Amino acid sequence: MFPYRYNCGMHNTSFIEKVEDPENSENRVHYIPHHPVKKDSTTTPIRIVYDCSCKDKTGHVSLNDCIEPYSPMMNDITSILTRFRLNKFAVTADIEKAFLQIELHQKDRDATRFLWLSDPGNASSPLTTYRFRSVLFGATCSPFILSATLMKHFQENANETSSLLEQNLYVDNVLASFQSEETAMKFYKESRTLLAAGGFNLRSWSSNSEMLQNLSKAVKTADEDSVVKVLGMKWNPQEDTLQYAKNDTGQKKYPVTTKREVLRETSKVFDPLGLLSPISVKAKIFMQELWKANLKWDEKLPKSMQTTWREISSEICDALDIKINSFFGHVTRIIVDAHSLAPVFLTLFAVFRNSGTFFNMGMCKVCSQ
């Protein structure tokens with residue numbers, strides 16, 4: 001069953017073409033290795049991964065070594081998630097096989113060749129050579145090409161909907177929120193029409209709007225999962241709550257005993273909204289204490305520090321289970337005495353400066369009086 005689904009994942013597409021004469025080509029030729037990855041997804045349970053960074057044993061360069069790694073034009077994740085929580089009716093969607101909708105130039109296609117069994121059920125069957133007709137996931141330049149293509153399409157079709165998409169798009173994921181169901185429905189219809197005009201299918205819609213959810217189910221564009229992944233977090237549209245993706249922090253069978261392990265465990269917490277900062281900052285301060293103690297990376301921690309770390313990691317583990325109301329509701333301005341926070345800010349500034357993290361103070365205002 002697995003080889004069959006792996007084979008279907010490749011052949012049920014129009015994104016590749018068979019190379020009829022592999023021995024003769026006027027263009028540069030490169031072969032890409034590939035392997036299957038099982039995903040917890042209803043739309044793509046088996047994903048074929050093409051390793052564009054693979055090098056052979058002789059030390060030759062990979063395909064990605066030969067490609068200019070332009071930075072994609074990405075929106076800020078925190079800003080997108082904040083806007084997603086700003087209004088009552090939230091929606092999420094993604095572009096189906098976004099990279100593969102962009103055609104690859106004819107002269108570049110031989111650099112994306114790969115081999116496939118002519119009969120996947122028979123490991124001794126002859127190999128067949130294929131190549132990509134479109135931009136593939138895994139190439140260094142692909143995110144930039146996708147974002148540049150979408151931005152050009154939005155600019156050539158400038159209107160309110162294209163502006164919303166441009167502002168709330170992250171790679172191929174769209175997150176937005178609206179004050180009324182009617183506005184959300186309008187966005188659903190217009191955004192699908194706009195992207196379809198560029199050859200893209202906006203699918204896997206989820207919303208806490210019953211009206212939009214019923215429409216998307218009727219036309220088979222709804223996400224079938226009850227809990228949806230949203231930029232590293234999880235959203236339950238029925239409950240309209242956000243949760244953190246679980247990891248094994250604080251649940252290890254063997255206790256963390258070195259500075260290296262503490263850093264590894266601390267780095268697993270992905271908190272784009274900073275809601276876990278009151279807890280996760282303890283781990284950063286603890287890491288600072290390890291540096292002050294001049295401990296080496298793989299030196300065993302003193303028992304007192306191991307006890308402290310177990311308490312911190314346990315708190316982090318418990319915090320990852322909390323559910324957060326997705327909708328902000330009415331925002332209340334909180335006025336605090338900045339002088340009383342000065343010692344805390346000095347400690348945190350030192351922690352975040354050492355970790356290479358910087359604050360966008362526009363997101364959080366502290367007023368003094």
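As shown above, the structure is provided for reference.
Analysis parameters
- Residues numbered from 1 in each chain as written.
- Predicted model: local features only at pLDDT ≥ 70, side-chain atom pairs only at ≥ 80, totals over all residues.
- Heavy atoms only, no water.
- Pairing = 2+ DSSP bridges.
- Helix = DSSP H or I, 4+ residues; strand = E, 2+ residues; numbered from the N terminus.
- Axes fitted to C-alpha atoms, helices over the stretch in contact; angles between N-to-C directions.
- Buried < 20%, exposed > 50% of the residue type's maximum accessible area, 1.4 Å probe, protein only.
- Contact = heavy atoms within 4.5 Å.
- Core = buried A, V, L, I, M, F, W, Y, C linked by side-chain atoms within 4.5 Å.

Undergrad: Would you explain the sheet that holds strand β5 (residues 113–117) in this entry?
TA: Strands in a sheet are paired, the pairing made by backbone hydrogen bonds, and the direction either parallel or antiparallel. Taking strand neighbours across the sheet as the criterion, the three strands line up as β1-β6-β5 in an open arrangement whose pairing is antiparallel. With partners counted over all chains shown, the strands left at the sheet margins are β1 (16–18) and β5, one partner each. Here the strands of the sheet are splayed against their neighbours by 40° on average, with no regard to which way each runs. Two strands pair when backbone bridges link them, and β1 and strand β6 (residues 127–132) are joined in this way by three bridges, in the antiparallel orientation. Counted as the bridge partner of K18 is Y130 from β6.

Undergrad: What is the right way to read the environment of P22 from this model?
TA: With respect to the helices and strands, P22 occurs in the loop between β1 and β2 (34–38). Given the relative accessible area of 29%, P22 is considered partly exposed. Taking the C-alpha atoms as reference points, P22 and T129, separated by 107 residues in sequence, lie 6.8 Å from one another. Setting aside anything within four residues of it in sequence, one finds P22 in contact with Y31, R113 and T129.

Undergrad: Explanation requested: the nonpolar core in the structure shown.
TA: Ranked by internal contacts, the top residues of the largest apolar core, which has 30 residues, are M233, L242, V262, F286 and L290. Secondary-structure elements contributing two or more residues to this core are α2 (77–84), β11 (233–236), β12 (241–244), α8 (277–292) and α9 (303–319). Broken down by element, the residue count for this core peaks at five residues, all from α9. Excluding anything up to four places from it in sequence, V262 contacts V256, F286, M287, L290, L301 and W309. The next biggest cluster of nonpolar side chains, apart from the first, holds 27 residues, and it includes V91, I102, M151 and L165.

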